[in-house]
Structure formats: C-alpha cells, structure tokens
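A structural walkthrough
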Amino acid sequence: MLNPAHIRSQFPILNREMNGCPLIYLDHAASAQKPVAVIEAQREYLMHLHANVHRGVHSLSQQATDAFEKARETVRRHLNAAHVEEIIWTAGATDAINLVSQSWGRTQIQAGDVILLTRMEHHANIVPWQLLAEERQARIEVVEINENGELNEADFQEKLKLNPKLVALSHVSNAMGTINDVKRWTDAAQAIGARVLIDGCQAVPHMEVDVMALDCDFYVFSGHKTYGPTGIGVLYGKKELLESMPPWRGGGEMIDVVSLEKGTTYAGLPHKFEAGTPHISGAIALGVALDWMSGVGLQSIGDHETTLGAQARHLLAKVDGLRFIGTAEKKTGVVSFIVDGVHPYDIGTLLDPMGIAVRTGHHCNQPLMEHYGIPGTVRASFGAYNTLQEVDALSAGVERAVRMLR
Ligand SMILES: Cc1ncc(COP(=O)(O)O)c(C=O)c1O
C-alpha cells in the first residue's frame with residue numbers, strides 16, 4: 001500500500017500555496033510533478049557531471065556518457081525491451097511519433113495506403129499521420145468508440161478489412177482514462193500485416209508496460225508525465241524495424257563518416273536517430289524517475305489512483321446535471337465531466353482561486369469532443385501524490401462553482 005504522506009514529502013512543489021490556499025494539483029495527465037530524487041539528479045548532473053556525450057576522450061565526457069547510457073538501460077529494463085539499442089531518446093512523445101511518421105512512414109506509406117487511428121487519439125497521434133497522409137496521398141481511417149468511451153470492437157474488425165499499413169492507438173486515453181486492450185489489438189492488427197504504434201503517454205506513469213509481451217512495433221511516451229523532466233521522451237522500436245528505417249534528422253551524433261565528396265554514412269542504433277546534442281540531464285533524470293516509480297511500486301501507484309478516481313466519481317455524481325465523459329469498465333484514475341448549462345472553462349476558473357488545478361477544454365482531443373458534441377470537459381487526473389482529502393476538496397469545490405454559475 002502506498003503511503004501518500006511519505007510520497008508527498010518528496011514533492012517540494014506540493015508545499016506551495018496557490019491563491020492563498022494549499023495547492024491541490026489534479027493535472028497529472030498534462031504533466032506530473034517531480035520528486036526530489038528527480039530534481040536532485042538533474043542538479044547533480046549540472047553541478048558535477050556535465051560534458052557533451054559520446055564526443056570526448058576526457059574523463060568528464062566519459063562519465064557523462066556512462067550516466068546517459070545507463071539511463072537508456074533503465075528505460076530498456078522498465079519497458080522490458082529486448083535490446084538497449086531499441087530505446088531512442090526523443091524530445092517527447094510528439095517528437096517520437098513524428099520520427100516514426102517521417103522515417104518509417106515516408107518510406108513505407110504509398111498512395112492509397114490506409115493508416116488506422118482511433119477516435120480517442122491525442123492530436124500528437126493524429127496530426128503527424130495527417131501530414132504524412134497528405135504528402136503520400138494515403139488515407140486516414142478511424143475506429144469509433146461506444147458511449148462509454150471504449151473502442152468499438154466491431155468497427156475495429158471492420159476497419160482491419162481495409163488492410164491498414166499501420167494501426168496507431170493510445171494505450172490509455174488522456175481525456176477519459178480508458179485503458180485499451182492493446183495486446184489484443186496489436187495481435188489482430190499484426191495478423192493482417194499491419195505495423196502497430198502504441199502511444200503510451202498515459203500508461204507508463206500508471207502501470208507496468210512490457211513491450212516484449214505486447215509485441216508492438218513502436219511504443220512512445222513522454223518523460224514529463226512520468227515524474228521526469230520536460231523535453232525528453234522515448235521511442236521504443238523493434239530492432240530490425242529501426243535498423244531498416246532511414247535517419248530522420250541529420251547532424252552530429254547520428255553519423256559514421258561525413259564526406260563532402262563521398263556523402264555520409266550513418267551511425268548504428270540508437271544514435272542514428274539522435275542527431276545533435278541530446279537532453280543529457282533530462283535523460284538521466286528520466287532514468288531516476290522510472291526507478292523512483294519502481295521503488296514506490298507500479299501496482300501500488302495504479303491502485304491508489306484508481307481508488308482516488310472511483311471516489312471522485314462517487315462524490316461528483318451527486319452534483320446536479322453532472323455527466324461523466326468516459327465511463328469505460330477499465331479506466332485509470334482520470335475523471336472527465338461536464339455539467340449541464342455550465343461551461344467547463346468556468347468551472348476550472350472558479351476552482352483556481354480555491355487552489356485546485358484541473359484541466360479544462362478539449363485536452364488535445366478535438367475529434368473526441370466532436371463525437372460527444374461538447375466543447376470540452378473538466379478533467380481531474382491523479383498521481384501517486386494525490387489524496388482522498390484532495391478528492392473531497394475537488395468535489396466540494398465543483399459543487400460550489402456550479403452553485404455560483406447557475
Ligand atoms: C496520450 C497522449 N499522447 C501524446 C501526448 C503528447 O505528449 P508531449 O506533449 O509530451 O509530446 C500527450 C500529452 O498530453 C498525451 O496525453
């Protein structure tokens with residue numbers, strides 16, 4: 001069992017007051033707060049270890065390189081990837097998806113090909129494919145959802161008949177918290193020869209992810225939602241697949257030999273996809289963040305957040321006219337809702353002076369909001385550091401805000 005008081009003592013920002021009230025941070029799905037271990041790892045690197053990596057014969061550069069590559073090994077272990085070269089550092093999930101669309105996509109997607117997405121994708125898992133589809137004259141198809149916010153199985157089976165070259169779907173919906181059965185979907189997509197990319201942004205912070213067991217072709221996530229720094233993320237790809245893909249960005253780090261006369265040859269994995277000086281302190285601190293999560297216990301974190309989400313839904317259900325968006329059977333702790341006659345933005349604005357930070361709007365899921373015919377939702381999302389008392393405050397705050405707005 002997770003001890004929230006012990007966890008909270010490791011997050012300095014939670015001691016802050018916001019607008020004269022204790023900060024109640026319920027926006028984990030947008031970005032997680034950072035434990036001291038992560039903050040210290042970045043500080044320690046900058047104070048005592050900084051040098052460019054892979055470039056120097058001097059000891060400091062070698063020590064920085066060792067720490068940087070050790071973090072890559074931590075990610076490999078965390079995701080249970082078979083090979084450390086399968087872990088590519090990126091600037092985030094968005095960057096990782098763009099890497100796949102620009103490198104794999106531009107060589108593999110031809111005119112008339114189908115790319116299959118789902119209704120619940122974050123814009124980061126839509127727009128890169130639209131850009132690619134436009135360029136290659138390919139077609140985007142979408143798996144629809146049912147009213148609970150679960151993927152429609154029959155529609156998926158139907159869309160597989162279109163022989164998509166790629167199925168790109170989220171492991172967990174950021175707007176609704178729906179947990180998709182990505183193993184089953186991966187198996188079904190691969191059975192018809194499609195490649196599968198899983199957007200794990202909202203899964204890695206909350207549960208164990210095993211890419212070998214999933215057997216997906218690509219898996220991406222962002223460091224900052226996983227208690228790590230911003231500006232760092234991960235692309236996992238199967239080794240043979242990554243090896244067959246051309247580089248995307250060019251520059252230092254990703255080359256073997258550069259000749260103005262004979263052209264350039266490229267480095268092997270993973271460096272082929274890591275042009276330029278990387279976010280060294282970010283990578284190291286992300287490794288520490290993943291270790292921190294494992295130390296707390298992934299199962300305990302997930303269970304704790306599920307309890308908070310269930311309690312939030314129980315209390316909020318009493319608010320007159322409140323409707324939950326996303327009531328899937330399998331959910332993370334994310335709670336998204338709208339209230340009759342009240343704009344989500346106004347609820348968020350009235351919660352803010354109470355110190356309560358929630359997200360309002362479309363959550364980079366405009367196609368999903370369009371499906372429900374709403375401008376957006378109020379979304380409360382939980383991390384290991386949130387408490388049942390904060391859930392009580394949320395519910396009281398929403399009741400008060402709705403009373404003021406009616
Ligand atoms: C499901 C999902 N995918 C992708 C992203 C994009 O992540 P980033 O902005 O860190 O690249 C997010 C961020 O909200 C997300 O929730």
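Quick caveat, the model's predicted, so the values are computed rather than measured.

1. Observations regarding the overall build of the protein chain
- When helices and strands are tallied, the protein chain shows 14 helices and 17 strands.
- For the protein chain, the C-alpha radius of gyration of 22 Å lies close to 22 Å, the compact-globule estimate for 406 residues.
- Once the C-alpha set of the protein chain is aligned to its principal axes, its extents read approximately 75 × 55 × 35 Å.
- Out of the 406 residues belonging to the protein chain, those deemed buried represent 49%.

2. Looking at unusual backbone geometry
- The omega angle of the peptide bond from L269 to P270 is -5 degrees, so this bond is cis rather than trans.
- Summarising the element assignment, P270 is placed in the loop between β12 (263-266) and α10 (280-296).
- You will see that D215, though not glycine, has its phi angle at about 65 degrees, which is positive.
- Structurally, D215 can be placed in the loop between α8 (211-214) and β9 (218-222).
- Of the residues examined, D215 has 13 C-beta atoms within 10 Å and is grouped as partly exposed.

3. Focus: the nonpolar core
- Of all hydrophobic cores here, the largest spans 113 residues; its most connected members are V167, V220, V234, L235, Y236, I284 and A289.
- Broken down by element, this core gets its largest block of residues, 10 residues, from α10.
- When residues of this core are sorted by domain, at least three fall in each of domain 1 (4-30 + 298-405) and domain 2 (39-294).
- Those residues in contact with I284 that sit more than four places away from it in its chain are A41, Y45, A67, F68 and A71.

4. Structural notes on the site of the ligand
- Near the ligand there are 14 residues, and of these G92, T94, N174, C201 and S222 occur at the shortest range.
- Taken together, the residues that form the shell around the ligand break down as 4 nonpolar, 9 polar and 1 charged.

5. A word on the domain arrangement of the protein chain
- Taken domain by domain, the protein chain consists of domain 1 (4-30 + 298-405) and domain 2 (39-294).
- Taking the mean C-alpha position of each, domain 1 and domain 2 sit 28 Å from one another.
- Taken together, the contact between domain 1 and domain 2 spans 24 residues of the former and 23 residues of the latter.
- Put simply, the parts of the chain that give the side of domain 1 that touches domain 2 at least two residues each are α11 (298-316), α13 (366-372) and β17 (377-380).
- Sorting elements by how many residues they give to the side of domain 1 that touches domain 2 places α11 first, with 5 residues.
- Tallied by class, the residues present in the side of domain 1 that touches domain 2 amount to 9 nonpolar, 11 polar and 4 charged.

6. A word on the sheet that holds strand β14 (residues 335-339)
- Across the sheet, which stays open at both edges, the 4 strands sit in the order β13-β14-β17-β16 with antiparallel pairing between neighbours. At either margin of the open sheet sits one strand with a lone partner, and together these are β13 (322-324) and β16 (359-361). Within this sheet the neighbouring strands show an average axis-to-axis angle of 30 degrees, counted without direction.
- As defined by bridge partners, β16 adjoins β17 across 3 bridges and the pair is classed as antiparallel. Residue pairing in the sheet places T360 in a bridge with V378 of β17.
- Each of β13, β14 and β17 is contacted by α11, which is oriented at about 15 degrees to β14, the strand it contacts most.

7. Here's the deal with helix α4 (residues 93-108)
- Compared with an ideal rise of 1.5 Å per residue, which puts 16 residues at 22 Å, α4 spans 21 Å between its outermost C-alpha atoms and is within 8% of the ideal.
- The element α4 is largely enclosed, with a buried count of 12 among its 16 residues.
- Among all positions of α4, only A93, T94, D95, A96, I97, N98, L99, V100, S101, S103, W104 and G105 are buried.
- The inward-facing, buried residues of α4 abut β4 (87-90), α5 (127-136), β8 (195-199), β9 and β10 (233-237).

8. Some details on the sheet that holds β8
- With mixed pairing, the 7 strands of this open sheet are ordered in space as β4-β10-β9-β8-β7-β5-β6. Two strands in the sheet have a free side with no partner beyond their single neighbour: β4 and β6 (139-143). Here the strands of the sheet are splayed against their neighbours by 20 degrees on average, with no regard to which way each runs.
- Lying on the sheet, α5 is in contact with β5 (114-118), β6 and β7 (166-170); it crosses β6 at an angle near 145 degrees.

9. A closer look at the packing of α4 against α5
- One way to put it is that α4 packs onto α5 with a least axis distance of 9 Å and a crossing angle of 25 degrees. Taken together, the axis directions place α4 and α5 in an arrangement best described as roughly parallel. In this structure, α4 meets α5 at a crossing whose hand is right-handed. In contact with I97, N98, S101, G105 and R106 of α4, α5 contributes P128, W129, L131 and L132.
- Considered class by class, the residues forming the contact of α4 with α5 number 5 nonpolar, 3 polar and 1 charged.

10. Here's the deal with the environment of T277
- Relative to the assigned elements, T277 resides in the loop between β12 and α10.
- With 13 C-beta atoms counted inside 10 Å, the residue T277 sits in the partly exposed group.
- Spatially, the C-alpha atoms of T277 and V53 are 7.7 Å apart, while their sequence positions differ by 224 residues.

11. What about the environment of G309?
- Within the secondary structure layout, G309 lies in helix α11.
- Between the C-alpha atoms of G309 and A380, which are 71 residues apart in sequence, the distance is 8.5 Å.
- Residues in contact with G309, not counting those within four places in the same chain, are G177, K331, T332, G333, V334, V335 and F382.

12. Structural notes on the pairing of β10
- Among the 5 residues in β10, 5 count as buried, and that is most of the element.
- Alternating residues of β10 divide into G233, L235 and G237 and V234 and Y236, and every residue in both groups is buried.
- In terms of strand pairing, β9 meets β10 through 5 bridges, oriented antiparallel. Counted as the bridge partner of S222 is G233 from β10.

The rules behind the values
Residues numbered from 1 in each chain as written. Predicted model: local features only at pLDDT ≥ 70, side-chain atom pairs only at ≥ 80, totals over all residues. Helix = DSSP H or I, 4+ residues; strand = E, 2+ residues; numbered from the N terminus. Rg over C-alpha atoms; globule rule 2.2 N^0.38 Å. Buried ≥ 20, exposed ≤ 12 C-beta atoms within 10 Å, placed from the backbone. Core = buried A, V, L, I, M, F, W, Y, C linked by C-beta atoms within 7 Å. Domains from an automatic or database assignment. Contact = placed C-beta atoms within 7 Å. Near = placed C-beta within 6 Å. Nonpolar A, V, L, I, M, F, W, Y, C, P; charged D, E, K, R; others polar. Pairing = 2+ DSSP bridges. Axes fitted to C-alpha atoms, helices over the stretch in contact; angles between N-to-C directions. Expected span 1.5 Å × (residues − 1). Parallel < 35°, antiparallel > 145°, perpendicular 65-115°, else oblique. Left-handed = near helix turned anticlockwise from the far one by under 90°.

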